[in-house]
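Summary of structural features
Next come the chains, spelled out residue by residue.
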Amino acid sequence: MSPIAGSATSNATAAPVTLSSRVLPRRVRTLLEGVFELLTGELDRALTATLDGLEQQLFKLAGQARNNDAQQRCLEALGTIKHGRFDLMPRYIALLEAGLATIRDPARDERQTADSISFNDLELVAEADMDETTLLHEIASRAEMKSSLPLFLLGQRMGVVAGKPALDTDSLPIGPHALCRYMRRASRCFELHPEHRQLLFRQFDAHAMTHYTALVEAINNYLIHRGVLPNLVYMPARYRQ
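Source: prediction; values computed, not measured. (Residues numbered from 1 in each chain as written. Predicted model: local features only at pLDDT ≥ 70, side-chain atom pairs only at ≥ 80, totals over all residues. Heavy atoms only, no water.)

1. Some details on the overall build of the chain
Counting secondary structure elements, the chain contains eight helices and zero strands. Order of helices (α) and strands (β) in the chain, N terminus to C terminus: α-α-α-α-α-α-α-α. Counting over 241 residues, the chain shows a buried share of 44%. Sequence-distant contacts, at least 24 apart, represent 82% of the contacts inside the chain between residues at least 6 apart. Taken as a whole, the chain presents about 13,400 Å² of accessible surface, with 52% of it coming from carbon and sulfur. (Helix = DSSP H or I, 4+ residues; strand = E, 2+ residues; numbered from the N terminus. Buried < 20%, exposed > 50% of the residue type's maximum accessible area, 1.4 Å probe, protein only. Contact = heavy atoms within 4.5 Å. Areas by Shrake-Rupley, 256 points an atom, 1.4 Å probe, with all protein chains shown as cover.)

Next comes the structure, spelled out in structure tokens:
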């Protein structure tokens, strides 16, 4: 793992990767476009609710602030969200589409990206970034635990789509860790105080990740109906003494 760095700036000038820009087999493209459409409909609702919830929290905190500085920070954050809320969804969706569009590319360890944390290099990482990384890891891990079985089945099916062995949760472009990475990167359109960024991620957890299991099951059902491992079931191994 590598410490947090400015990945947003390094990719700022790169052309967005889209499903239409990739050379993909027709069936694969159709499947990925279907998964993408299913996800965007749900995430549009979830991100809107996330920002609505954040605005309510900031308004409440502004009213409860013990000093003018704290109140001013909350009010500034409110203004930032109100003026920039329509930037979040396009950024998030572009990251999601790029993840799906590159699913057949050679595997790379997402944990090596600038959005991960190295516990061997903590001295190189700002405390706020460590707190943010830890929070997002907890959110993703909790969703992963709750969705372990459907995620396992989805990894098998998405591996077929990718033309690879089964994908683990870290490799899934629609896995919980990936969705949290997209949120972290997309939310850089807001200039928020670290404590308000954490509020944003908690609202994302409440309005998006709490429904993640149902979303994974819906994607599994979509792939089943399109003939991707329709008879796949999980059979726990039994051992004889």
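2. Some thoughts on the packing of aromatic side chains
Counted under the stated rule, the structure contains two aromatic pairs. Plain terms: the ring middles of Tyr92 and Tyr182 are 5.9 Å apart, the flat faces sit at 85° to each other, and that makes the pair edge-to-face. With Tyr92 in helix H3 (residues 68-101) and Tyr182 in helix H6 (residues 176-186), this residue pair connects regions lying 90 residues apart in the sequence. Of the two residues examined, Tyr92 and Tyr182, each falls in the buried class. When the centroid spacing of 6.2 Å and the interplanar angle of 50° are considered together, the rings of Tyr92 and Phe204 count as tilted. Here the residue Tyr92 occupies a position in helix H3, and Phe204 occupies one in helix H7 (residues 194-207), the gap between them amounting to 112 residues. (Phe/Tyr/Trp six-rings, centres within 6.5 Å; stacked < 30°, edge-to-face > 60°.)

3. Things to note about the confidence of the model for the chain
Taken residue by residue, the chain gives an average pLDDT of 86. The fraction at 70 or more is 83%. At the low end of the mean pLDDT range in the chain sits helix H1 (residues 7-10), at 38; at the high end sits helix H8 (residues 212-225), at 97. The low-confidence segment residues 1-13, where pLDDT is below 50, has 26 contacts with residues more than four positions distant or belonging to other chains. Low pLDDT (under 50) marks residues 116-125, which in the prediction has 18 contacts with non-local residues, meaning those over four places away or in another chain. (pLDDT = per-residue confidence, 0-100.)

4. Observations regarding the side chain of Arg85
Looking at the element boundaries, Arg85 is found in helix H3. There is a polar contact of 3.0 Å between the side chain of Arg85 and the side chain of Glu55. What Arg85 contacts, discounting residues up to four positions off in sequence, is Thr48, Leu51, Asp52, Glu55 and Phe190. (Polar contact = N/O pair within 3.5 Å; in protein donor to acceptor, adjacent residues only side chain to side chain.)

5. Details of the environment of Leu192
Tracing the backbone shows Leu192 in the loop between H6 and H7. Measuring from C-alpha to C-alpha, the distance between Leu192 and Glu76 comes to 8.6 Å, with 116 residues separating the pair along the chain. Setting aside residues up to four positions removed in sequence, Leu192 forms contacts with Ala77, Thr80, Ile81, Arg197 and Leu200.

6. Some words on helix H5 (residues 148-162)
Its 15 residues give H5 an end-to-end C-alpha distance of 20 Å, which sits within 8% of 21 Å, the value for a rise of 1.5 Å per residue. Among all positions of H5, only Pro150, Leu151, Leu153, Leu154, Gly155, Arg157, Met158, Gly159, Val161 and Ala162 are buried. The secondary structure elements touched by the buried residues of H5 are helix H2 (26-64), H3, helix H4 (127-146), H6 and H8. Just downstream of H5, Gly163 is the residue with a positive phi angle, here 70°. (Expected span 1.5 Å × (residues − 1).)

7. Remarks on the packing of H2 against H8
H8 packs onto H2 with a crossing angle of 150° between their chain directions and a minimal axis gap of 10 Å. In terms of axis orientation, H2 runs roughly antiparallel to H8. Handedness of the H2/H8 crossing: right-handed. Contacts between H2 and H8 involve Thr30, Leu31, Gly34, Val35, Leu38, Leu39 and Glu42 from the former and Leu215, Ala218, Ile219, Tyr222 and Leu223 from the latter. Taken together, the residues of the contact of H2 with H8 break down into nine nonpolar, two polar and one charged. (Axes fitted to C-alpha atoms, helices over the stretch in contact; angles between N-to-C directions. Parallel < 35°, antiparallel > 145°, perpendicular 65-115°, else oblique. Left-handed = near helix turned anticlockwise from the far one by under 90°. Nonpolar A, V, L, I, M, F, W, Y, C, P; charged D, E, K, R; others polar.)

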